[in-house]
Amino acid sequence: MLTLADLLEGVVGQRPAAGAIPTMELSAVVIDSREARPNSLFVALRGEQQDGHEFVADAFARGAVAALIEREVEAECQIVDAQTPLPATSIQPPFCLMTENSLKALQRLAAFWRARFSPRVIGVTGSVGKTTTKEMIWSVLRQRFRTLKSWGNYNNEIGLPLTLLYLNPEHERVVLEMGMYALGEIAALAAIAHPHVGVVTNVGPTHLERLGTIERIAQAKSELVEALPSASQGGIAILNRDDPMVRAMAEKTQAQVFYYGLDPACDLWASHVESRGLEGVRFQLHSGRERLHVKIPLLGRHSVHTALAAAAVGLVEGESWEEIVAGLWDVTEQVRLVAVKGIKSSTIIDDTYNASPASSIAALNLLEELLGRKIAVLGDMLELGDFEEEGHRKVGRRVVDVASILITVGPRGRIIAQEALACGMAEGDVFMVENNEQAIAQLRQIISQGDVVLVKGSRGMKMEEIVAALTAPLDQSQGMNAP
């Protein structure tokens, strides 16, 4: 629904005169020229590895009609200066809108477009589980409302504005994941999105290397609830009461506070939690005098908090229990933790998106509940700062009680292995390797029928390579070495 005229008004602050620009709706907004298509907008961003300005011509060749730029480019196009009043002459595609900063221009455009509409916006943040929580909230809300969600992990200063540019008049609710690396980033995202509801899942040592202390991480996450409107204006902070640092955020918001967790003191709480392994989780849901028996298709007992957060959003947004329960069951994506068939009739638990001590221990707890010989493949957990050694040792201590075999990948993974050995795990059951290729080779030797293999590590470890190799037919994964 975003038009070329909207683009100019949102970035320049001035709407072009009637007839000065073709009446044209933008088909997409992209930051990768390969994703450009006819009538799309390309945003040229400077990255650590590549500069989008070098691909403006490619975007135009693929059909883009406009580009946001901050320096000169080698592309045949009209240049429109966003720092001066729009020219009286006509503007014809393809054109480049020259700005001081392409990213800030994208954010300004998103804020302008967000202000055009009046959906209720739900922001989701936390150290662990943001994406799964966002997906389940969307699943619940879409039972009644036309709901837009941030796709994948589009949760930062680029992804959130891109999501908002797909907002249209039909959307009644928007669910946005909000991530951060530093103080002030969630506040900046909230200033663009203007959330009415803020969900905080937990506070953990993820990004401790950047922020220094767990208290600063909590401070960064609390920026979401601080940005909410007052209770009288419809603001609601949905907080995990089981996490002390999240619970304390109630003092930092003027919004209504709604607690969820496992404590009966919560507004919404769960009891009788029963993990059914790969079949999901059962529990009882309590709200006032209401009590419901619920089953969700997510894996692991920790998924109950995800379901509680989503149900809480459904409740405060006025949905019925029938709609909420249907949404909890109708999650279309497991997102972060999936079970797939592996080589030699094994089961591979793919939890490779990211890792922290808390999420790794939660994954090990799930592994413990499954039948079969248990193999844990654990890689480095990054950005833990001063908590790095102790965080890895905590995981190593838990491994001993769960896994029959441990394979660690990377230098930090060795700390997990060393702690497991120190806690009594047999040397013959612990393998320390340097990279994914060595892990794959080791696993192919030791996996046998019925084994359950957990694969988990930080995103930078790219451990999805291990999962791909263990789930692919052996002749494909071995390439030229295949018989």
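The preceding data block contains the structure.
Just so we're clear, the structure is a prediction, and the values are computed from it rather than from any experiment.

Draft legend 1. Quick look at the layout of surface pockets. Empty space within the second largest pocket amounts to approximately 160 Å³. Residue composition of the lining of the second largest pocket, by class: 4 nonpolar, 3 polar and 3 charged.

Draft legend 2. Summary view of helix 4 (residues 130-141). Here helix 4 spans 16 Å end to end across 12 residues, near enough to the 16 Å set by a 1.5 Å rise per residue. Listing the buried residues of helix 4 in full gives Lys130, Thr131, Thr132, Thr133, Lys134, Glu135, Met136, Ile137, Trp138, Ser139, Val140 and Leu141.

Draft legend 3. Examining the side chain of Gln284 more closely. Mapped onto the secondary structure, Gln284 falls in strand 13 (residues 281-287). Residue Gln284 is classed as buried on the basis of its relative accessible area of 10%. The contacts of Gln284, once residues within four sequence positions are left out, are Trp269, Ala270, Ser271, His272, Arg291, Leu292 and His293.

Draft legend 4. A look at the sheet that holds strand 3 (residues 66-69). Strand order in the open sheet formed by 5 strands is 1-2-3-5-4, and the pairing between neighbours is parallel. Two strands lie at the open edges of the sheet, namely strand 1 (29-30) and strand 4 (78-81), each paired on one side alone. Its contacts with the sheet put helix 1 (residues 4-12) on strand 2 (41-43), strand 3 and strand 5 (95-98), and the angle it makes with strand 5 is roughly 15°. Packed on one face of the sheet, helix 3 (residues 102-114) meets strand 1, strand 2 and strand 3 and runs near 120° to strand 3.

Draft legend 5. Local environment of unusual backbone geometry. Look at the link from Pro93 to Pro94: it is a cis peptide, with omega at -5°. Here Pro94 lies in the loop between strand 4 and strand 5. Positive phi, close to 70°, is recorded for Asn39, a residue that is not glycine. The residue Asn39 is located in the loop between strand 1 and strand 2 in this model.

Draft legend 6. Geometry of the packing of helix 4 against helix 11 (residues 321-329). With their axes 7 Å apart at the nearest point, helix 4 and helix 11 run at an angle of 135° to one another. When the interaxial angle is binned, helix 4 and helix 11 end up oblique. You can see that helix 4 and helix 11 cross each other, and the crossing is right-handed. Note on element contacts: helix 11 touches helix 4 through Glu323, Ile324, Gly327 and Leu328, opposite Met136, Ser139 and Val140. Its residues assigned to classes, the contact of helix 4 with helix 11 shows 4 nonpolar, 2 polar and 1 charged.

Draft legend 7. The arrangement of the packing of helix 4 against helix 10 (residues 303-316) in detail. Running from amino to carboxyl end, helix 4 crosses helix 10 at an angle of 40°, the nearest separation of the two axes being 8 Å. Classed by the angle they form, the pair helix 4 and helix 10 counts as oblique. As helix 4 packs across helix 10, the resulting crossing turns out to be right-handed. Across the interface between the two elements, Thr132, Thr133, Met136, Ile137, Val140 and Leu141 from helix 4 touch Thr306, Ala307, Ala309, Ala310, Val313 and Gly314 from helix 10. Here the contact of helix 4 with helix 10 is built from residues that sort into 8 nonpolar, 4 polar and no charged.

Draft legend 8. View of the packing of aromatic side chains. Tallying each qualifying case throughout the model produces 2 aromatic pairs. Ring plane angle 75° and centroid distance 5.0 Å describe the contact between Trp113 and Phe117, whose orientation is recorded as edge-to-face. Per residue, the accessibility class of Trp113 equals that of Phe117, and both read buried. One residue, Lys149, lies across the ring of Trp138, its end atom 3.9 Å from the ring centre.

Draft legend 9. Quick look at the nonpolar core. In this structure, Leu4, Leu7, Leu41, Phe95 and Leu97 are the most contacted members of the largest nonpolar core, which totals 62 residues. Residues in contact with Leu97, not counting those within four places in the same chain, are Leu7, Leu8, Val11, Val12, Ala67, Leu68, Ile69, Val80 and Ala82. Counting 37 residues, the second largest nonpolar core, distinct from the first, contains Ile122, Phe145, Ile236 and Val331.

Draft legend 10. Examining helix 10 more closely. Taking 1.5 Å per residue as the helical rise, helix 10 with its 14 residues ought to reach 20 Å, and the 20 Å between its terminal C-alpha atoms agrees with that figure. For helix 10, a buried count of 11 out of 14 residues is recorded, marking the element as mostly surrounded by other parts of the structure. At the C-terminal side of helix 10, Gly318 shows a positive phi close to 85°.

Draft legend 11. Focus on the pattern of salt bridges. In total, this model carries 28 salt bridges according to the counting rule given. Asp380 is paired through a salt bridge with Arg412; the nearest N and O atoms lie 3.3 Å apart. Residue Asp380 is located in the loop between strand 17 (374-379) and helix 13 (388-402), and its partner Arg412 is located in the loop between strand 18 (405-409) and helix 14 (413-422); the two are separated by 32 residues in the primary sequence. Through salt bridges with shared partners, one network takes in Glu389, Glu390, Arg393, Arg397 and Glu419.

About the criteria used
Residues numbered from 1 in each chain as written. Predicted model: local features only at pLDDT ≥ 70, side-chain atom pairs only at ≥ 80, totals over all residues. Heavy atoms only, no water. 1 Å grid on protein atoms, 1.4 Å probe; cavity = no way out; pocket = protein on both sides within 12 Å on 5 of 7 lines; lining within 4 Å. Points joined across faces, edges and corners; volume = space filled by probe spheres on them. Nonpolar A, V, L, I, M, F, W, Y, C, P; charged D, E, K, R; others polar. Helix = DSSP H or I, 4+ residues; strand = E, 2+ residues; numbered from the N terminus. Expected span 1.5 Å × (residues − 1). Buried < 20%, exposed > 50% of the residue type's maximum accessible area, 1.4 Å probe, protein only. Contact = heavy atoms within 4.5 Å. Pairing = 2+ DSSP bridges. Axes fitted to C-alpha atoms, helices over the stretch in contact; angles between N-to-C directions. Parallel < 35°, antiparallel > 145°, perpendicular 65-115°, else oblique. Left-handed = near helix turned anticlockwise from the far one by under 90°. Phe/Tyr/Trp six-rings, centres within 6.5 Å; stacked < 30°, edge-to-face > 60°. Lys NZ or Arg CZ within 6 Å of the ring centre and 35° of its normal. Core = buried A, V, L, I, M, F, W, Y, C linked by side-chain atoms within 4.5 Å. Salt bridge = Lys/Arg side-chain N within 4 Å of Asp/Glu carboxyl O.

By themselves, these figures tell us nothing about what the structure is for.
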